[in-house]
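Structural features, examined
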Amino acid sequence: MRGWGAVAAVAAAVWVAGRWATVWPVLVAVLGAAAVGAAGWGLWRAHRLAVVRDRRWRADEEAKARELSMTEVDALSWQDFERYVADLCRRDGCTEVVVSGRSGDLGADVVGHLADGRRLVVQCKKYAPHRSVSSQDMQKFVGTARPEHGADVALFVTTCRTFTKAALGLAVRQDIVALHRDLLGAWVKGAHLESLIPLNGRGGGAPKRRSPT
């Protein structure tokens, strides 16, 4: 078998040598295409890695910016935090925004209307970042936001990082918009309230009410 292999190799070499003028342009083209393909793949891979690194960098920078802003929010008193949330609502086009600023408000720390007329009721909880909003906190808001205050959009805003699984599950089932620290940070940095409403909880509340005719 080895002998036949050697013979075949010699025959192939003789055939190529005899037709070199025809073969070499094809060989050069094949090698060139292979080189271009390898270079193209290398460039694509380098571009891909650069894009991934850029996205990670941007995400890290955005997170740092949000946290820097949230450090300032953390320095507010709970009364100032409620007023600050009211200012964010006004910034995003809400009207008739009122801050309760007192205990016994039955969960309506801020009330107003979105630009499309829906009634907005906001519960503000200024908690330490490491805390979580409990199911009990959410139950109290669920029990008053719509029955007591007629909310079309019920918004629970907190400075802590998480809602417990039970609290978030209740928010989803009861159509409460839950904004934890990261989403609040995005709001503080300029994200519009309407863009945040669908992100936690189940959406934008009930349709706009119609006046009786």
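A brief look at the structure comes next. (Residues numbered from 1 in each chain as written. Predicted model: local features only at pLDDT ≥ 70, side-chain atom pairs only at ≥ 80, totals over all residues. Heavy atoms only, no water.)

1. Structural notes on helix H5 (residues 165-173)
When H5 is considered as a whole, its buried residues turn out to be Ala-167, Leu-170 and Ala-171. Here the buried residues of H5 occupy an arc of 100° about the axis, which is enough to place them on one side. Counted as exposed and oriented over 90 degrees from the buried face of H5: Lys-165 and Arg-173. Looking at the packing, one finds that the buried side of H5 touches strand E4 (132-133), helix H4 (135-145), strand E6 (162-163) and strand E7 (176-179). One or two residues past the end of H5 sits Asp-175, with phi positive at roughly 60°. (Buried < 20%, exposed > 50% of the residue type's maximum accessible area, 1.4 Å probe, protein only. Helix = DSSP H or I, 4+ residues; strand = E, 2+ residues; numbered from the N terminus. Arc of directions from axis to C-beta. Contact = heavy atoms within 4.5 Å.)

2. A short note on the environment of Asp-152
Within the secondary structure, Asp-152 is located in the loop between H4 and strand E5 (153-158). Its relative accessible area of 4% is what places Asp-152 among the buried residues. Separated by 31 residues in sequence, Asp-152 and Val-121 have C-alpha atoms that sit 7.9 Å apart. At 2.9 Å, the side chain of Asp-152 and the backbone nitrogen of Arg-119 are in polar contact. (Polar contact = N/O pair within 3.5 Å; in protein donor to acceptor, adjacent residues only side chain to side chain.)

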